[in-house]
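# An overview of the molecular structure
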Amino acid sequence: MTEKDFIPRTYDTFIEKGRVTYKSPSNIALVKYWGKKENQIPANPSISFTLDACATITTVIFSKMESEKDSFSFDLFFEGKPNEDFRPKIETFLDRIEVYLPFLKSYHLTIETSNSFPHSSGIASSASGMSALALCLMEMERKLNGQMTQAHFIAKASFLARLGSGSACRSIEGNLVQWGEHKGTQGSSDLFGIKYPYEVHPVFEKYHDTILLVDKGQKQVSSTVGHKLMHGHPFAENRFAQAHENLSALKGIFAKGDLDSFIKIVESEALTLHAMMMTSQPYFVLMKPNTLEIIQKIWTYREKSGTHVCFTLDAGANVHVLYPEKEKEEVYDFIQKELVLYCENQQHICDRIGYGAKKLN
Ligand code: DP6
């Protein structure tokens, strides 16, 4: 498939006004997307668990205008209040996707959005936010084109979400989504995420992710800036090759349910992401002392308990603690007794693997 496949020909239906709502989850990468080319094309393939509790709910109310405008006409509400802060981001997004949704300038849009996780928790909301908006706009397109197949709907929603924020393209479906061309994965594409197409052991069907909020402050480096640091990075090529190898290795691990090997890849990916930031120009340390305390505690506890708890990190100080369903009681007990004291105000979010975005009535 190419970008051109997402440009619609003509629409067969006329629609005056309407309203659509989607709830779309966040996701946590196991193999990380870090580095991109023009037009939101990833420098390497990535794979993530779709989450469940951390989600954005977005409603788009649309009404046809008398005549098409030169610019986009939209109002923005965040958690019930008018919000201008997100306007530039939405404007850029609409600009990028207009060629694929040519009706956008003919409608006035009221976009209402809210997050299920605490505001300013330091949890990235771009994946859930951009995927929820992309789905609402796709639902508008589906109303204009009655012929659209479900497969096209899903692929194009992911394609559009990617243009808003790369990782957002992995938030349309569940429970494991891969994005980026990889020769070992049939159907994989740089343009959109796909549901992981191979065998997955039942142990990965129910997995927990307890997110420890170590630092709720504003991100020190935005992902957009972070990705740019991979241009001319001395270790970039090796890192991109490593992501391909890790994805290949995960195939057998997912099929067999080999948790020990899973842990080695997931933790190494998290630390490599941070290593890339520590070795770029300019360089950044995004972990906090408490991030390291938590990592050490997890390693000690895992050794002692024989459980399969492990961690992963985003481009920040918060820690995602991953563990399988059958160990959930003992691991959560450990988290409460030994880890939450390293969080800001002991704040943490209990999330788990999820099954993708949902349309709400
Ligand atoms: C560290 O998707 O937030 O979370 O495409 O610039 O919006 P943009 O970046 P974004 O980057 C996410 C990076 C990451 C790893 C990952 O989710 O794969």
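This text goes with the structure placed above it.
The paragraphs below set out a description of the structure included in this document. (Residues numbered from 1 in each chain as written. Predicted model: local features only at pLDDT ≥ 70, side-chain atom pairs only at ≥ 80, totals over all residues. Heavy atoms only, no water.)

Summarising the element assignment, S63 is placed in strand β4 (residues 46-64). S63 gets classed as partly exposed once you look at its relative accessible area, which sits at 30%. For the pair S63 and S106, spaced 43 residues apart in the sequence, the C-alpha separation amounts to 8.5 Å. (Helix = DSSP H or I, 4+ residues; strand = E, 2+ residues; numbered from the N terminus. Buried < 20%, exposed > 50% of the residue type's maximum accessible area, 1.4 Å probe, protein only.)

The next subject is the pairing of strand β11 (residues 310-313). Neither face of β11 is left uncovered, since the one carrying C310 and T312 and the one carrying F311 and L313 both have all their residues buried. Relative to strand β12 (residues 319-324), β11 is paired through 4 bridges, and the arrangement is antiparallel. Following the sheet pairing, L313 is matched in β12 by V319. Where β11 folds back on β12, the antiparallel hairpin that results is connected by 5 residues. (Pairing = 2+ DSSP bridges.)

Let's shift gears to the pattern of salt bridges. What the rule picks out here adds up to 11 salt bridges. Residue R239 is joined to E269 by a salt bridge in which the shortest nitrogen-to-oxygen separation is 2.8 Å. A residue pair is termed long-range when its members are at least 10 positions apart, and R239 in helix α5 (residues 236-256) and E269 in helix α6 (residues 259-278) qualify at 30 residues. For the pair R239 and E269, a shared accessibility class is recorded, and that class is buried. Within this structure, E139, R142 and K359 form a network of salt bridges that share partners. (Salt bridge = Lys/Arg side-chain N within 4 Å of Asp/Glu carboxyl O.)

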